[in-house]
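A look at the structure
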Amino acid sequence: MAIFFTTPLVYDLIILCFSTSVVLSSASPTLVLNLVHSRQIHSSQEPPYVSRIEEASVARLEYSKAKATGDIIAHLSPNVPIIPQAFLVNISIGSPPVTQLLHMDTGSDLLWLQCQPCINCYDQSLPIFEPSRSYTHRNQSCRTSEYSMPSLRFNSKTRSCDYSMRYMDDTGSKGILAKDTLVFNTIYDESSSASLPNVVFGCGHNNYGDPLVGTGILGLGYGEFSLVHRFGTKFSYCFGSLDDPSYPHNVLVLGDDGANILGDTTPLEIENGFYYVTIEAISMDGTMLPIDPGVFQRNYQTGLGGTIIDTGNSLTSLVKEAYEPLKNKIEEVFDGRFTTADVNQEGMFKVECYNGDYERDLVESGFPIVTFHLSDGAELSLDVKSVFMKVAPNLFCLAVTPSTGNMNSIGATAQQNYNIGYDLQAKKISFERIDCGVLFDY
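If you look the protein chain up in an unreviewed UniProt entry, it shows as Aspartyl protease UND-like from Camelina sativa. The UniProt entry for the protein chain carries the following comment under Sequence similarities (unreviewed entry): "Belongs to the peptidase A1 family."

Structural data, given as structure tokens:
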């Protein structure tokens, strides 16, 4: 089954449908969802060019830094940029339900999507949700504080709670905070679905800038409106290879009884909705790199520094003092076999790219493992496909970039081929390198 029952007491009604059967669940169900690779819906697109990767990453880092420091200006307008490769969750919203594909993002707190009537909406292949046609749609009351995420404001004219989200690259969404029923397709068969009522989300009527991958954002951060809290205190996800959009076992699990908490564990800190871990060292091929561990520490007075886990960004970013030793060691291994490619636009930070055949020169020939050593002995090992990305024929780039500030971020590329489990009550996060297909008996 896709939903398990832990107590007989029903707080938030969840309905599990197998064809015609309906089951009522408890306040702590488990939901198991297939994740859709973004290239499954954009299969005709070539791998993204570096300039767009850089632009998205710069904006993402600036947002993360501002959010982490409690910058009130940033809180007025946070958002998530286009990410070249992402994992999407197939949901339907409203009654009757309207299908959407939402970008799964542990760095955001709010679920939001485009809504009619559109003051401004970017193109999407799926229908834009019309709240007036849903008989379960309601406006959500405004509960806000000075540092709320997202920015909320009570509109006395419309008697609604307006939200505002904007990124540093002027991509964003504005609309009304609302609630409605969500229907999820589970992993087991096409007739298996689960519905969850009264889910708070952002109904975006004014969405501007570059379009997102998918039709909106599924925020899995720790903020008040995060969907995570409807399923208890645990969740997990497992990614296969970002290079393989046809891999069928990418999965998200929400719920205390079903989340896969496996392998090495490391302490988890939660601040401003972000999930922080502590990197203590980085090694390559078993050799520790000359990096002062202090560069990974958080400054608890300013909110700066530290390392967040962020599926909303495909790239991993390290502060200069950690990035430079890693880049130098990688180029030492290259031993002059590849020439540096100048592909950066003016004003963008430096992404290191190289001329060469990605498959032949890197994947097939082998490349040393890069390991992030986390506190309490946990390790996150990055193979060649987690360290590099193919962006064009005979051109590959580092999937690890220099941070624009003093925050580190572990992106989706570094999380490939891992099950990552979050225990929010115990303040632990676990990492297990695994073939995701062995986690469930399909």
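Resuming the write-up.
On to the side chain of aspartate 423. Locating aspartate 423 in the fold gives a position in strand S30 (residues 418-423). Despite its burial, aspartate 423 pairs with no opposite charge, the nearest such side chain being lysine 234 at 4.0 Å. Polar side-chain contacts of aspartate 423 include one of 3.0 Å to the backbone nitrogen of alanine 426.

Moving on, we come to the environment of glycine 421. For glycine 421, the location among the structural elements is in strand S30. You can call glycine 421 buried: its relative accessible area is 0%. Along the sequence, glycine 421 and isoleucine 261 sit 160 residues apart, while their C-alpha atoms lie 4.7 Å from each other. If near-sequence neighbours (up to four positions away) are discounted, glycine 421 is found in contact with Phe235, Ser236, Asn260, Ile261, Lys428, Ile429 and Ser430.

Further remarks concern the sheet that holds strand S18 (residues 279-284). Pairing in this open sheet of four strands is antiparallel, and the strands run S19-S18-S24-S25 from one edge to the other. The sheet terminates laterally at strand S19 (287-288) and strand S25 (379-382), the two strands that pair on one side only. Bridging between S18 and S19 involves two bridges; their strand directions are antiparallel. Note on S19: the bridge partner recorded for methionine 284 is threonine 287.

Counted by the stated rule, this structure contains five disulfides. Bridging cysteine 115 to cysteine 203, the disulfide has an S-S length of 2.0 Å. The disulfide joining cysteine 115 to cysteine 203 has a torsion of about -110° about its S-S bond and is therefore left-handed. One end of the pair, cysteine 115, is in the loop between strand S6 (112-114) and strand S7 (138-139); the other, cysteine 203, is in strand S11 (residues 192-208), and 88 residues separate them in sequence. Take cysteine 115: its relative accessible area is 0%, and that puts it in the buried class. On the basis of relative accessibility, which here comes to 2%, the residue cysteine 203 falls in the buried class. Across the disulfide from cysteine 142 sits cysteine 161; the S-S distance is 2.0 Å. Sign of the S-S torsion, about 80° for the bond between cysteine 142 and cysteine 161, identifies this disulfide as right-handed. You can see cysteine 142 sitting in the loop between S7 and strand S8 (151-155) and its partner cysteine 161 sitting in strand S9 (residues 160-166), a full 19 residues away along the chain. Among the cysteines of the protein chain that take part in disulfides, numbered as they appear in the sequence, the pairing is 1-6, 2-3, 4-5, 7-10, 8-9.

The strands that make up a sheet pair up through hydrogen bonds in the backbone, lying either parallel or antiparallel. Spatially, the four strands line up as an open sheet ordered S22-S23-S27-S26, and their pairing is antiparallel. Edge positions in the open sheet fall to strand S22 (339-341) and strand S26 (388-392), since each of these has one partner strand only. Neighbouring strand axes in the sheet, compared pairwise and without regard to direction, differ in orientation by 40° on average. Direction of pairing for strand S23 (residues 353-355) relative to strand S27 (residues 395-398): antiparallel, over a ladder of three bridges. Note on S27: the bridge partner recorded for tyrosine 354 is phenylalanine 396. Those strands touched by helix H3 (residues 320-334) are S23, S26 and S27, and its axis lies near 145° from that of S27.

Here we come to the nonpolar core. Core analysis: the largest hydrophobic core is formed by 77 residues, its most contacted members being Phe235, Leu252, Phe372, Phe388 and Tyr422. Beyond its immediate chain neighbours, meaning those up to four positions away, phenylalanine 388 contacts Ile330, Phe334, Tyr358, Leu362, Phe367, Phe396, Cys397, Leu398 and Ala399. By size, the runner-up hydrophobic cluster in this structure holds eleven residues, among which are Leu110, Cys161, Val200 and Ile217.

An ideal rise of 1.5 Å per residue puts 21 Å on 15 residues; H3 measures up with 21 Å between its terminal C-alpha atoms. Taken as a whole, H3 has its buried residues at Ala322, Tyr323, Pro325, Leu326, Lys327, Ile330 and Phe334. Remark: aspartate 335 follows H3 within two positions and exhibits a positive phi of approximately 50°.

This part covers the packing of aromatic side chains. Here a ring pair, both rings aromatic, is described through the centre-centre distance and the interplanar angle of the planes. Per the stated rule, a full pass over the model turns up 17 aromatic pairs. With a centroid separation of 5.3 Å and an interplanar angle of 90°, the aromatic rings of phenylalanine 338 and phenylalanine 396 are classed as edge-to-face. Highlighted residues: phenylalanine 338 in the loop between H3 and S22 and phenylalanine 396 in strand S27, separated in sequence by 58 residues. Pairing phenylalanine 388 with phenylalanine 396 gives two aromatic rings, centres 5.6 Å apart and planes at 85°, and the pair type is edge-to-face. Grouping residues by exposure puts phenylalanine 388 and phenylalanine 396 together as buried.

Cut-offs and rules
Residues numbered from 1 in each chain as written. Predicted model: local features only at pLDDT ≥ 70, side-chain atom pairs only at ≥ 80, totals over all residues. Heavy atoms only, no water. UniProt positions renumbered as here; feature names shortened; annotations may be inferred. Helix = DSSP H or I, 4+ residues; strand = E, 2+ residues; numbered from the N terminus. Buried < 20%, exposed > 50% of the residue type's maximum accessible area, 1.4 Å probe, protein only. Lys, Arg positive; Asp, Glu negative; His and termini not counted. Salt bridge = Lys/Arg side-chain N within 4 Å of Asp/Glu carboxyl O. Polar contact = N/O pair within 3.5 Å; in protein donor to acceptor, adjacent residues only side chain to side chain. Contact = heavy atoms within 4.5 Å. Pairing = 2+ DSSP bridges. Disulfide = S-S within 2.5 Å. Axes fitted to C-alpha atoms, helices over the stretch in contact; angles between N-to-C directions. Core = buried A, V, L, I, M, F, W, Y, C linked by side-chain atoms within 4.5 Å. Expected span 1.5 Å × (residues − 1). Phe/Tyr/Trp six-rings, centres within 6.5 Å; stacked < 30°, edge-to-face > 60°.

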